[in-house]
Amino acid sequence: MSGTGCRGELARDMNALSVCPTDSRAERRCALGALIAAAYQITNDFRRAHDLAISAVRPLYGSATLVNVNDVRGHAAVLTLLDEVVAVM
């Protein structure tokens, strides 16, 4: 998605190439990429979606923590982290 400011390894297409998490070709997303994609469906604005995704975990954690947990500890740990965030809301 040109012009969105999308960068990083937040999503991959069917050929395992890096794409923006809001790109229709995205087939796999990391936890942060999935939050951005979900927020984009609501806002239809990449910058707003990115801000919402980052702030979604902010009550307890930063986005770097979410990315690290996703990469190092896996999906179950991400779900536990998100449960903790929801519990304090």
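Look up a bit, the structure's there.
Throughout, a residue's number is its position along its own chain's written sequence, starting from 1. Residue-level local features of this predicted model are given only where pLDDT is at least 70; pairs of side-chain atoms are given and counted only at 80 or more, and the full residue set underlies all totals for whole chains, interfaces and linings. Based on all heavy atoms of the structure, the side-chain values leave hydrogens and waters out of the count.

What exactly am I supposed to notice about the environment of Ala-49 here?
Runs of H or I in DSSP of at least four residues are treated as helices and runs of E of at least two as strands, each being numbered from the N terminus. Position of Ala-49 among the secondary structure elements: in helix 2 (residues 46-56). Burial status follows relative accessibility: with a 1.4 Å probe on protein chains alone, a residue under 20% of its type maximum counts as buried, one over 50% as exposed, and anything between as partly exposed. On the basis of relative accessible area, Ala-49 is assigned to the buried category, the value being 0%. In sequence terms Ala-49 and Ile-36 are 13 residues apart; their C-alpha atoms lie 5.4 Å from each other. With near-sequence residues (within four places) excluded, Ala-49 lies in contact with Ile-36, Ala-39, Tyr-40 and Thr-43. Pairs of residues are marked as contacts when any of their non-hydrogen atoms sit within 4.5 Å.

Would you explain the sheet that holds strand 2 (residues 18-19) in this entry?
Strand-to-strand pairing in sheets goes through backbone hydrogen bonds, with the strands running parallel or antiparallel. A strand pair is defined by DSSP finding two or more bridges across the two strands. Taken in spatial order, the 3 strands of this open sheet run 2-1-3, and their pairing is antiparallel. In the strand order of this sheet, the two ends are held by strand 2 and strand 3 (28-29), each with one partner. With 2 bridges joining them, strand 1 (residues 11-12) and strand 3 adopt antiparallel strand pairing. When the sheet's bridge partners are listed, Ala-11 is paired in strand 3 with Arg-29.

Purely spatial values, then, with no claim about function.
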